[in-house]
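Listed below, chain by chain, are the residues.
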Amino acid sequence: QVQLVESGGGLVQPGGSLRLSCAASGSVGSINVMGWYRQAPGKQRELVATVTGGGSTNYADSVKGRFTISRDNAKNTVYLQMNSLRPEDTAVYYCNANLRRLAGLLSYDFWGQGTQVTVSS
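Residues numbered from 1 in each chain as written. Predicted model: local features only at pLDDT ≥ 70, side-chain atom pairs only at ≥ 80, totals over all residues. Heavy atoms only, no water.

Visitor: Could you clarify how one ought to interpret the sheet that holds strand β1 (residues 2-7) in this entry?
Guide: Strand pairing in a sheet is mediated by backbone hydrogen bonds. Such pairs are either parallel or antiparallel. In space, the four strands of this open sheet follow the order β1-β3-β8-β7, with antiparallel pairing throughout. The sheet terminates laterally at β1 and β7 (67-72), the two strands that pair on one side only. Adjacent strand axes in the sheet meet at a mean angle of 15° when their direction is disregarded. (Pairing = 2+ DSSP bridges. Helix = DSSP H or I, 4+ residues; strand = E, 2+ residues; numbered from the N terminus. Axes fitted to C-alpha atoms, helices over the stretch in contact; angles between N-to-C directions.)

Below, the structure is given as structure tokens:
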């Protein structure tokens, strides 16, 4: 079994900051890409940011310059530092990892349970 456990969501005022964390545990062999997605009420889930094992990053245009994704390969953990938050950033944020399980041959996508981020005054 593989689990992705997220933490760090909450309520913050516009202009504030939050840091999300997501740790992969269980039968984790090797992790390819880790990332964050979000889904606001009534909208489809969208990419926020991804990071490869080598540290290459990709961001949605809406968060460039405000959010920073990083990764600790030794801890199988990905972080999302969110600054200058806006009300439109309000959503459930989901962690994603494309990984191969121990003794497995193929890689699959795994998802966390989601953490709520609310930006409101």
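Visitor: Which parts of the structure should I look at to understand the pattern of salt bridges?
Guide: When their charged atoms lie close together, side chains carrying opposite charge are able to pair. Counted by the stated rule, this structure contains four salt bridges. Between Arg 38 and Glu 46 there is a salt bridge, with the nearest N and O atoms lying 2.7 Å from each other. Residue classification places Arg 38 among the buried residues on the basis of a relative accessible area of 5%. Taking the relative accessible area as the measure of exposure, Glu 46 reaches 36% and is therefore partly exposed. Across the pair Asp 89 and Arg 38 runs a salt bridge, and its minimum N-O distance is 3.0 Å. Separated by 51 residues along the polypeptide, Asp 89 in the loop between β8 (77-82) and β9 (91-101) and Arg 38 in strand β4 (residues 28-39) bring together distant segments of the chain. Both residues of the pair, Asp 89 and Arg 38, belong to the buried class. It is possible to trace a salt-bridge network through shared partners that takes in Arg 38, Glu 46, Arg 66 and Asp 89. (Salt bridge = Lys/Arg side-chain N within 4 Å of Asp/Glu carboxyl O. Buried < 20%, exposed > 50% of the residue type's maximum accessible area, 1.4 Å probe, protein only.)

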